[in-house]
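# Examining the three-dimensional arrangement
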Amino acid sequence: MTVLGIETSCDETAAAVVKDGCRLLSNVVASSMDLHTAYGGVVPEIAARAQLETILPVIDQALNTARTDWSDIDAIAVTQGPGLSGSLLIGATTAQTLAITKKKPLYGVNHVEAHVYAAFLTSFGKNKEVRSEDGKEYTNSQFLIPNSQPPAFISNYIFPKKQPRFPLLALIVSGGHTQLVLFKDHFDYKILGKTADDAVGEAFDKVAKILGLPYPGGPSVAKEAAAGNPRAIKLPEAKMSSRYAFSFSGLKTAVLRATQHLAGVPYDFPSSGLPRLLNKAQKADIAASFQAKAVDMLISRLAMAVEEFQPAAVVIAGGVAANQELRSRADKQLKLPFFYPDIKLCTDNAAMIATLGYYKIKSGQHAADPYTLEIDPALSM
Ligand code: KG4
Ligand code: ZN
């Protein structure tokens with residue numbers, strides 16, 4: 001069973017082909033990130049316009065790289081939500097049109113749930129070359145899409161040796177979501193806790209802004225933190241009413257206050273003026289202290305849930321799962337089989353969408369009506 005996945009929930013335009021819910025045949029991601037850098041965050045209209053321009057070449061390249069054509073594709077899976085409405089519409093409308101014209105069953109999937117399914121991919125297809133329209137063979141990185149990062153060679157992925165087993169505890173940490181979910185089986189899950197305010201990735205992005213580091217903030221803060229002292233600045237942790245709830249908005253404000261204090265300015269001083277008042281060492285210390293606290297908050301809940309539910313496996317997924325500090329703390333503190341998707345599959349991609357689509361089909365769920373499928377920007381798990 002071969003599924004084409006399509007993902008356009010934020011600033012990426014992605015398509016991927018996955019066989020049998022575990023074998024990655026292609027994974028193409030074009031990002032409009034460069035176009036948003038000047039604004040310090042994603043501009044929805046710019047993202048959707050870029051998606052409109054790249055979606056068809058991205059799908060073509062995903063099919064080409066996988067050496068599949070439409071006759072090999074058994075179904076199409078597309079992100080239905082949550083995400084930016086303009087962006088979701090581009091992917092959904094494209095998928096609906098293809099489902100109708102190519103006569104393929106269509107499955108709408110939840111983007112947040114799909115992040116966990118990146119951990120179910122265990123191997124790659126044999127093809128390293130891309131077949132282009134002119135029939136010549138190109139390597140992936142030679143066959144570029146305007147405004148896209150050169151896609152990585154399909155063979156450059158690190159996969160887990162086997163799939164995670166159930167009961168599975170999933171920590172989903174991204175720019176839009178922070179939640180701890182216990183899966184008894186596919187589609188049989190319970191949300192143990194989620195963030196009461198900001199997502200952890202959002203906090204990384206905001207702290208990067210305070211420090212004047214480039215967007216996206218997660219990798220920038222992590223890089224800056226490497227040279228800093230994680231104990232330099234004491235940061236508070238909000239008391240939560242429920243055991244597994246998260247909160248990152250107070251932490252972000254505490255970082256702002258600590259930065260203003262270090263810079264010797266009052267609390268009404270605008271954050272945009274702060275970066276030029278800080279030296280390199282101060283920035284590194286703030287980044288390291290913030291990262292340590294944010295990771296602490298995630299690991300403490302994860303450790304409690306591991307203790308209470310004794311899962312067979314733990315998956316850490318979503319953009320923030322790319323964070324090395326989080327990975328090493330989890331590995332050190334918790335003795336369990338941990339599953340991290342490859343870094344390229346942690347951030348938004350369509351391989352995870354295709355994989356979740358496959359399990360939907362396998363579990364007997366009905367295909368969507370391609371004429372009436374609707375996006376849901378606020379879709380929750
Ligand atoms: O999953 P994702 O690509 O998009 C959403 O669905 O939100 O996650 C993007 C988020 C951004 O907030 C980004 O700053 C964060 O993941 N991120 C990281 C790292 N790489 C990406 N956060 C911390 N450390 C990283 N290395
Ligand atoms: Zn995501």
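Residues numbered from 1 in each chain as written. Chains lettered and ligands numbered in written order. Predicted model: local features only at pLDDT ≥ 70, side-chain atom pairs only at ≥ 80, totals over all residues. Heavy atoms only, no water.

## Some details on the state of the cysteines
Inclusion rule: Criterion for a disulfide: a pair of cysteine sulfur atoms at a distance within 2.5 Å.
Applying the stated rule across the entire model yields 0 disulfides. With no disulfide of its own, Cys22 lies closest to Cys346 among cysteine sulfurs, the gap being 18 Å. For the unlinked cysteine Cys346, the closest cysteine sulfur is that of Cys10, found at 16 Å.

## Describing the environment of Val306
Stated formally: Here a strand is any run of E in DSSP of at least two residues, a helix any run of H or I of at least four, and the numbering for each starts at the N terminus. Note on classification: 1.4 Å probe, protein chains only; a residue is buried when its accessible area is under 20% of the maximum for its type, exposed when over 50%, partly exposed between these limits. Contacts were defined at the residue level, with two residues in contact if any of their heavy atoms lie within 4.5 Å.
Topologically, Val306 is positioned in helix α8 (residues 280-309). Exposure remark for Val306: the relative accessible area of 13% places this residue in the buried category. A C-alpha to C-alpha distance of 9.9 Å links Val306 and Leu182, two positions 124 residues apart in sequence. Residue contacts for Val306: discarding those within four places in its chain leaves Leu169, Pro311, Val314, Leu334 and Leu336.

## Here's the deal with the pairing of strand β12 (residues 313-317)
Test applied: Any two strands between which DSSP finds at least two bridges are classified as paired.
Here β12 lies mainly inside the structure; 5 of its 5 residues are buried. Residues Ala313, Val315 and Ala317 point to one face of β12 and Val314 and Ile316 to the other, with burial holding for every one of them. Where strand β9 (residues 168-173) and β12 come together, 5 bridges link them in parallel fashion. Of the residues in β12, the one forming a bridge with Leu168 is Ala313. Bridge count for β12 against strand β13 (residues 338-339) is 2 bridges, and the pairing is parallel.

## Observations concerning the pattern of salt bridges
This is how the line gets drawn: By definition here, a salt bridge exists when the distance from a side-chain nitrogen of Lys or Arg to a carboxyl oxygen of Asp or Glu is within 4 Å.
Enumeration according to the criterion identifies 9 salt bridges in this entry. Residue Lys206 pairs with Glu202 through a salt bridge whose shortest N-O separation is 3.4 Å. With a gap of 4 residues between them, Lys206 and Glu202 both fall in helix α5 (residues 200-211), about one helical turn apart. Asp342 is paired through a salt bridge with Lys344; the nearest N and O atoms lie 3.1 Å apart. Assessed through its relative accessible area of 28%, Lys344 is described here as partly exposed. Three or more residues joined by partner-sharing salt bridges are found here, namely Asp198, Glu202, Lys206 and Lys252.

## Some thoughts on the coordination of the zinc ion (ligand 2)
For clarity, the cut-off: Atoms of type N, O and S within 2.8 Å of a metal are treated as its donors, and for Na, K and Ca the window is 3.2 Å; water is not considered, so some sites may appear to be missing partners.
Distances from the zinc ion (ligand 2) to its protein donors, namely His111 (NE2), His115 (NE2) and Asp348 (OD), fall within the range 2.0 to 2.1 Å. When the donor residues of the zinc ion (ligand 2) are listed from N- to C-terminus, their spacing reads H-x3-H-x232-D. One end of the pair, His111, and the other, His115, are both in helix α4 (residues 111-117), 4 residues apart, so they sit about a helical turn from each other. Residue class for His115 comes out buried when judged on its relative accessible area of 2%.

## Concerning the site of ligand 1
The test is simple: Any residue with a heavy atom positioned within 4 Å of a molecule or strand is treated as near that molecule or strand. All accessible areas in this document rest on Shrake-Rupley with a 1.4 Å probe, and a residue is counted as covered only by the protein chains that are shown. The start and end points of each domain follow an automatic or database-based domain assignment.
In the vicinity of ligand 1 there are 18 residues, among which Gly175, Asp205, Gly218, Gly319 and Asn323 approach most closely. Within the complex, 87% of the 560 Å² of free accessible area of ligand 1 lies under protein. Those elements giving two or more residues to the shell around ligand 1 turn out to be α4, α5 and α6 (217-225). When residues are assigned to domains, the shell around ligand 1 turns out to be shared by domain 1 (2-120 + 344-362) and domain 3 (168-340), each giving three or more.

## As for the sheet that holds β12
Inclusion rule: Here the axes come from fitting lines to C-alpha atoms, over the contacting stretch only for helices, and the angles between their N-to-C directions go from 0 to 180 degrees.
Taken in spatial order, the 5 strands make up an open sheet running β11-β10-β9-β12-β13, and their pairing is mixed. The outermost strands of the open sheet, each flanked by one partner alone, are β11 (188-194) and β13. With respect to the sheet, α8 is in contact with β9, β10 (178-185), β11, β12 and β13, its orientation differing from that of β9 by roughly 165°.

## Section: the sheet that holds strand β3 (residues 23-31)
Strand order across the open sheet formed by 6 strands is β5-β4-β1-β2-β3-β6, with mixed pairing between neighbours. Strand pairing shows two members of the sheet lacking a second neighbour, β5 (106-110) and β6 (123-124), which therefore form its edges. Taken strand by strand, helix α3 (residues 85-101) contacts β1 (2-7), β4 (75-81) and β5, and its axis lies near 155° from that of β4. Across the sheet, helix α11 (residues 351-362) lies against β1, β2 (12-19), β3, β4 and β5, angled at about 115° from β5, the strand it touches most.

## Structural notes on the confidence of the model for the protein
Defined as follows: The predictor attaches a confidence to each residue, and that confidence, scored 0 to 100, is pLDDT.
Per-residue confidence for the protein gives a mean pLDDT of 90; residues scoring 70 or more make up 92%. Overall, residues 127-155 carries pLDDT values under 50, and its contacts beyond four positions in sequence, including any with other chains, amount to 65 contacts.

## Structural notes on a negative patch on the surface
Heads up, the rule is: Each patch is built from residues that are more than 30% exposed by relative accessible area and take part in no salt bridge. Like charges join if they lie within 9 Å; nonpolar side chains (Val, Leu, Ile, Met, Phe, Trp, Tyr) join within 5 Å. Positive charges come from Lys and Arg, negative ones from Asp and Glu, while His and the chain ends are left out of the count. Every charge is mapped onto a representative atom, which is NZ of Lys, CZ of Arg, CG of Asp or CD of Glu.
Together, Asp20, Asp69, Asp72 and Asp74 give the surface a local cluster of negative charge. Along the polypeptide, Asp69 turns up in the loop between α2 (44-65) and β4. Residue Asp69 is classed as partly exposed on the basis of its relative accessible area, which comes to 41%.

## Some words on the nonpolar core
To keep things clear, this is the line we draw: As used in this record, nonpolar core signifies buried Ala, Val, Leu, Ile, Met, Phe, Trp, Tyr and Cys residues forming a set joined through side-chain atoms within 4.5 Å.
By size, the foremost hydrophobic cluster in this structure holds 52 residues, and its most contacted members are Leu169, Leu180, Phe248, Phe290, Leu302 and Ile316. Counting only elements with at least two residues in this core, the list comes to β9, β10, α5, α6, α7 (249-263), α8, β12 and α9 (324-333). With 12 residues, α8 is the single largest residue contributor to this core. Each residue touching Ile316, except ones within four places of it in the same chain, is listed here: Leu171, Val173, Leu302, Ala321, Leu326, Ala330, Phe338, Phe339, Tyr340 and Pro341. Counting residues in hydrophobic clusters, the runner-up holds 39 residues, among them Ala16, Ala114, Ala317 and Phe339.

## Thoughts on the side chain of Asp198
Here is the rule: Each polar contact in these results corresponds to two N or O atoms within 3.5 Å; when the atoms are within protein, one needs to be able to donate a hydrogen and the other to accept it, and residues that are neighboring in sequence are counted only if both atoms are side-chain atoms.
Assignment of secondary structure puts Asp198 in the loop between β11 and α5. Reaching out from Asp198, the side chain makes a polar contact with the side chain of Lys206 at a distance of 3.3 Å. A distance of 3.3 Å separates the side chain of Asp198 from the side chain of Lys252, its partner in a polar contact. Excluding residues that lie within four positions of it along the chain, Asp198 makes contacts with Lys206, Phe248, Ser249 and Lys252.

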